[in-house]
Amino acid sequence: MPGTAQFEERVRRRIRNLEEAGLRRSLQPPRGIDFSSNDYLGLANHPRLKERMAGAVLAEGCGSTASRLLRGERAMLTEVERRFASFKGCEASLYFGSGYAANLSVLTTFLERHDTVYTDSQNHASIVDGIRLSHAKRVKFRHCDIDDAARRLRHAPDGSQRFLITESLFSMDGDFAPLAAYAELCRETGTVLIVDEAHAVGIYGQRGSGWIEQAGCSDEVLLSVDTAGKALGVCGAFVSGPSWAIDYLVQRARPFMFSTAPPPAVAAAINESLSVIEDEPHRRRSVRGLSAALRASLTERGLNIGRSESQIIPILLGDNDRAQAVAAELQSEGFDIRAIRPPAVAPGTARLRVSVNAGLDEEILQRFAGAVQRVTQCSAVSS
């Protein structure tokens, strides 16, 4: 085809540039002990979820056949939405095929061109992209810095609708947003608060519904976005809030309107996941306890874990090539850990992203911490 050769060379040049910068990625299936997935509670292979999902496939088939506004609506979808809304203490929920689609839907539906959105500088990609597509004015504040957020909000011009959006538990640093302080600030300034609970739902709060519950600010958060593909062990995501806001998403959210509905069997599995979270609270207690033990062990060994307070523990290494080399050596020793490099994190902050799950134990954690210490020390000497 005319022009294809020239275009191919451009793409190959871009790939070479990534290679030279230590940023080329490859697809690798799971292998070894899981220190990298987001299956925090170990529910992805829970027998109750598998049985429920298999039964739903036999009853409902493999696919939903259409968008929910056409023939894709199913009782299993509305049932799990009602269940999840109750779990979050909200009036209503809407289920999406992915967390990315959920964030794009929220931000492109509710934010308008003349609005202003205040966003944590470390918010993840789907939030960043949703804000860009909304065409609202974006104002970044320093990571988890209530003083910087307050200064910017209090000096904002009057007249525009204002939003503040943040993750509750940050996916790469493992630290928590000061949600109670944000809620008070938003109440004072008339700002709408939206919270992404992707990595907190299922683990924190008395019921396990997330950091919003634990922070005690449910009444101040308009909408939460909660993925079902991490601690809940399945896939997709919910947006939860007042019924009028959820109805508006049904009417206007393009990723919802123009996507084939998720398979009903997935909704059945999520429903069972919520039951397991309720029936087996020891899973979330275990994750929190194991995480605290590993953070202490890594810190005692002189490793830099940043501001982590959770089951997400970064081991900061800085250099892209070093992060890859350390990850490869740990993988060869049987630990499934991956290097995280830009653009997922800022340049110069390449790291291992350790993810603690309920299937680990203290003996494995100590072996892992010892291996990390040894391998990082060797890599520092060789570099």
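Read on for an overview of the structure.

Scoring rules and cut-offs
- Residues numbered from 1 in each chain as written.
- Predicted model: local features only at pLDDT ≥ 70, side-chain atom pairs only at ≥ 80, totals over all residues.
- Heavy atoms only, no water.
- Helix = DSSP H or I, 4+ residues; strand = E, 2+ residues; numbered from the N terminus.
- Rg over C-alpha atoms; globule rule 2.2 N^0.38 Å.
- Contact = heavy atoms within 4.5 Å.
- Areas by Shrake-Rupley, 256 points an atom, 1.4 Å probe, with all protein chains shown as cover.
- Lys, Arg positive; Asp, Glu negative; His and termini not counted.
- Charge placed at Lys NZ, Arg CZ, Asp CG, Glu CD.
- Expected span 1.5 Å × (residues − 1).
- Buried < 20%, exposed > 50% of the residue type's maximum accessible area, 1.4 Å probe, protein only.
- Core = buried A, V, L, I, M, F, W, Y, C linked by side-chain atoms within 4.5 Å.
- Pairing = 2+ DSSP bridges.
- Axes fitted to C-alpha atoms, helices over the stretch in contact; angles between N-to-C directions.
- 1 Å grid on protein atoms, 1.4 Å probe; cavity = no way out; pocket = protein on both sides within 12 Å on 5 of 7 lines; lining within 4 Å.
- Points joined across faces, edges and corners; volume = space filled by probe spheres on them.
- Nonpolar A, V, L, I, M, F, W, Y, C, P; charged D, E, K, R; others polar.
- Phe/Tyr/Trp six-rings, centres within 6.5 Å; stacked < 30°, edge-to-face > 60°.

Along the protein chain, the regular secondary structure elements total 14 helices and 12 strands. On C-alpha atoms alone, the protein chain measures out to a radius of gyration of 22 Å, which is about the 21 Å that the 2.2 N^0.38 rule sets for 383 residues. For the protein chain, the spread of C-alpha atoms along the principal axes amounts to about 60 × 60 × 55 Å. Partitioning the contacts of the protein chain with sequence separation of at least 6, the portion at a separation of at least 24 is 71%. Put simply, the protein chain shows about 17600 Å² of open surface, and 51% of that area lies on carbon and sulfur atoms. Treating the 46 positive side-chain charges of the protein chain as one cloud and the 46 negative ones as another, the clouds have centres 5 Å apart.

The terminal C-alpha atoms of helix α1 (residues 4-20) lie 24 Å apart, and with 17 residues this matches the ideal 24 Å at 1.5 Å per residue to within 8%. Two residues or fewer past α1, Gly-22 is found with a positive phi of approximately 70 degrees.

A cis amide bond, omega 10 degrees, links Pro-342 with the succeeding residue Pro-343. The residue His-135 is not glycine, and still its phi comes out positive at about 70 degrees. When you line up the elements, His-135 lands in the loop between α5 (125-134) and β4 (137-141). Residue His-135 is classed as partly exposed on the basis of its relative accessible area of 46%. Non-glycine residue Cys-144 carries a positive phi angle of around 55 degrees. Counting through the fold element by element, Cys-144 comes out in the loop between β4 and α6 (146-154).

This part is about the nonpolar core. Note on soluble globular proteins: their nonpolar side chains tend to be buried together. Judged by nonpolar contacts, the single largest core of 57 residues is most densely connected at Leu-164, Leu-179, Tyr-182, Leu-193, Leu-232 and Ile-270. Where this core is concerned, the elements lending two or more residues are α2 (47-60), α3 (75-88), β4, α6, α7 (179-189), β6 (192-196), α8 (211-215) and α11 (264-279). Residue contributions to this core peak at nine residues, all from α11. With residues near it in sequence (within four places) discarded, Leu-179 still touches Thr-166, Ser-168, Val-195, Trp-211, Ile-212, Ala-215 and Cys-217. Grouped together as the second largest cluster of nonpolar side chains are 28 residues, Leu-294, Ala-339, Val-356 and Ala-369 included.

Strand order in the open sheet made by the seven strands is β2-β8-β7-β6-β5-β3-β4, with mixed pairing throughout. This sheet does not close on itself; its edge strands, each paired only once, are β2 (92-96) and β4. Shown here is a sheet whose adjacent strand axes are inclined to one another by a mean of 20 degrees, direction ignored. Two strands pair when backbone bridges link them, and β6 and strand β7 (residues 223-227) are joined in this way by three bridges, in the parallel orientation. Following the sheet pairing, Val-195 is matched in β7 by Ser-224.

Unoccupied space between atoms shows up once a probe the size of one water molecule is rolled over them. All told, the structure shown has two cavities of 30 Å³ or more when counted by the stated rule. The volume enclosed by the largest cavity comes to roughly 80 Å³. Lining the largest cavity we find Lys-88, Cys-90, Ser-209, Ile-212, Glu-213, Ser-218, Val-221, Leu-222, Leu-223, Ser-224 and Ser-240. Of all the elements in the fold, those that place two or more residues in the lining of the largest cavity are α8 and β7. Residue classes in the lining of the largest cavity are distributed as five nonpolar, four polar and two charged. In this structure, the second largest cavity occupies an estimated 40 Å³ of space.

All right, on to the sheet that holds strand β11 (residues 339-340) then. Across the sheet, which stays open at both edges, the three strands sit in the order β9-β12-β11 with antiparallel pairing between neighbours. The sheet terminates laterally at β9 (312-318) and β11, the two strands that pair on one side only. Pairing analysis gives two bridges linking β11 to strand β12 (residues 350-355), with the strands arranged antiparallel. Bridge pairing links Ile-340 to Arg-351 in β12. The strands that helix α12 (residues 282-300) touches are β9 and β12; relative to β9, the one it contacts most, it runs at about 25 degrees.

The next point concerns the packing of aromatic side chains. Within this structure, the stated rule accounts for 12 aromatic pairs. Ring centres of Phe-35 and Phe-335 lie 5.9 Å apart, and the angle between their planes is 75 degrees; on these two criteria the pair is classed as edge-to-face. Of this pair, Phe-35 sits in the loop between β1 (33-34) and α2 while Phe-335 sits in strand β10 (residues 335-336), and the two are 300 residues apart along the sequence. The exposure classification of Phe-35 matches that of Phe-335, with both residues buried. Seen from their ring centres, Phe-141 and Tyr-182 are 5.7 Å apart, and the 70 degrees between their planes marks the pair as edge-to-face. Remark: Tyr-182 occurs in helix α7 and Phe-141 occurs in strand β4; sequence separation between them is 41 residues. There is no split in this pair, since Phe-141 and Tyr-182 are both buried. By way of ring pairs, the aromatic residues Phe-84, Phe-87, Tyr-95 and Phe-238 are connected into one cluster.

In short, shape yes, function no, at least from these values alone.
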